[in-house]
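Structural features, examined
Each chain is listed here by its residues.
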Amino acid sequence: MEKGLEAVMQEGEVNADGRQVVLSVRDVTVGFGSQLVLDHLNLDVYRGEILGFVGASGTGKSVLMRTVLGLLPHRSGTIEILGVDYDNASEEERMLVDMRLGVLFQHGALFSALTVKENIQLPMREYLDLPQSLMDELAYLKVEMVGLSPDAADKYPSELSGGMIKRAALARALALDPDLVFLDEPTSGLDPIGAADFDALIAKLRDTLGLTVYMVTHDLDSLFSVCDRIAVLGQKRVLVEGTLEDMFACDDPWVQSYFRGKRARSVVAHEKQPTAEVEKT
Ligand SMILES: Nc1ncnc2c1ncn2[C@@H]1O[C@H](COP(=O)(O)OP(=O)(O)OP(=O)(O)O)[C@@H](O)[C@H]1O
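First things first, this report covers the structure right here in the doc. Just so it is clear, the structure is predicted and the values come from calculations on it, not from any experiment.

What counts as what
- Residues numbered from 1 in each chain as written.
- Predicted model: local features only at pLDDT ≥ 70, side-chain atom pairs only at ≥ 80, totals over all residues.
- Heavy atoms only, no water.
- Near = heavy atom within 4 Å.
- Polar contact = N/O pair within 3.5 Å; in protein donor to acceptor, adjacent residues only side chain to side chain.
- Areas by Shrake-Rupley, 256 points an atom, 1.4 Å probe, with all protein chains shown as cover.
- Helix = DSSP H or I, 4+ residues; strand = E, 2+ residues; numbered from the N terminus.
- Phe/Tyr/Trp six-rings, centres within 6.5 Å; stacked < 30°, edge-to-face > 60°.
- Buried < 20%, exposed > 50% of the residue type's maximum accessible area, 1.4 Å probe, protein only.
- Axes fitted to C-alpha atoms, helices over the stretch in contact; angles between N-to-C directions.
- Parallel < 35°, antiparallel > 145°, perpendicular 65-115°, else oblique.
- Left-handed = near helix turned anticlockwise from the far one by under 90°.
- Contact = heavy atoms within 4.5 Å.
- Nonpolar A, V, L, I, M, F, W, Y, C, P; charged D, E, K, R; others polar.

The ligand sits among 13 residues. The nearest are Ser 57, Gly 58, Lys 61, Val 63 and His 218. In the model, an oxygen atom of the ligand is placed 2.5 Å from a nitrogen or oxygen of the Ser 57 side chain. Contact between the ligand and Val 63: an oxygen atom at 2.9 Å from a main-chain N or O atom of the residue. Against a free-state accessible area of 640 Å², the protein chains account for coverage of 61% of the ligand. At the level of secondary structure, the elements contributing two or more residues to the shell around the ligand comprise strand S2 (35-46) and helix H2 (61-68). It is H2 that provides the largest number of residues to the shell around the ligand, a total of 3 residues.

Take the packing of aromatic side chains next. The final tally for this structure, using the stated rule, is 5 aromatic pairs. Ring centres 6.3 Å apart and planes at 35° place the aromatic pair Phe 224 and Phe 248 in the tilted group. Taken together, the residues span a long stretch of sequence, with Phe 224 in helix H8 (residues 220-225) and Phe 248 in helix H9 (residues 244-249) at a distance of 24 residues. Given a relative accessible area of 14%, Phe 224 falls into the buried group. Here Phe 248 falls in the partly exposed class, since its relative accessible area comes to 29%. Aromatic rings pair up to connect Phe 53, Phe 182 and Tyr 214 into one cluster.

Take the packing of helix H4 (residues 116-127) against helix H6 (residues 162-173) next. In contact at an axis separation of 8 Å, H4 and H6 are set at 30° when each is read in the N-to-C sense. One way to sum up the angle between H4 and H6 is to call them roughly parallel. Between H4 and H6 lies a crossing whose hand is right-handed. Contact residues: H4 offers Val 116, Asn 119, Ile 120 and Pro 123, while H6 offers Ala 168, Ala 171 and Arg 172. For the contact of H4 with H6, a count of residues per class yields 5 nonpolar, 1 polar and 1 charged.

Nothing here speaks to function; it is geometry throughout.
Structure below.
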């Protein structure tokens, strides 16, 4: 049975804790030829949270994100987005779901021949029928929302710094006011201050817009500072998902070395520093 936009946006299983599940991945298996990358993987993402998704290189984080976005086929299992079983949805339902999703691919992936404003307007042109003046107004609004100055809107990607490209790509991901945003290593390639600013921007957007954020990252700072929950991919499935405390308590060797290793300890020490400073004054 087909559902209208209202139904698509409001549905989603509510779990035992009363949390709304906006993305539910059940028993999903993905492979290429004889190589199995994901094997009966399960994952839930809750409305309004920032979920950090980590795992060793090559474990399948990008494959999972692309599978959830319908860009790669899965051999078995179900994927429900905003309460809609994507595989069994009608074309209209899929389009309504797609409109509620924003994606920031690794390296920004802006079209180099288009200005920032034109890049932001691409999803608007694809899904909506709006007059140019309104699309311009909306594009400037998104540019401001991600902390870029208005003159950045008329620049081409080659005229922007790495941090500005990430912000412009985020503005494009926000073009249709999505419910759920996928970010693939959003802080990679940024210096620590740029990365921290970007993390703060994501947290602010979540708080003000009520976004749900699914963030693939290797950045320990992001995991410690902005993620509400973390899911760890390993052995073709989600090894553990939960809070930082759950990560510290997990006895899987990779999770232990990642969250209790030297780098993690220095990040924790650094995260605690501002509090110590405040206490001194
Ligand atoms: N289109 C494809 N065809 C064949 N194999 C693929 C394809 N895409 C990914 N793979 C394989 O799937 C595995 C997982 O790749 P993926 O890019 O998802 O890893 P990742 O966890 O995102 O790694 P990283 O952290 O380095 O980005 C790798 O062995 C990769 O070679």
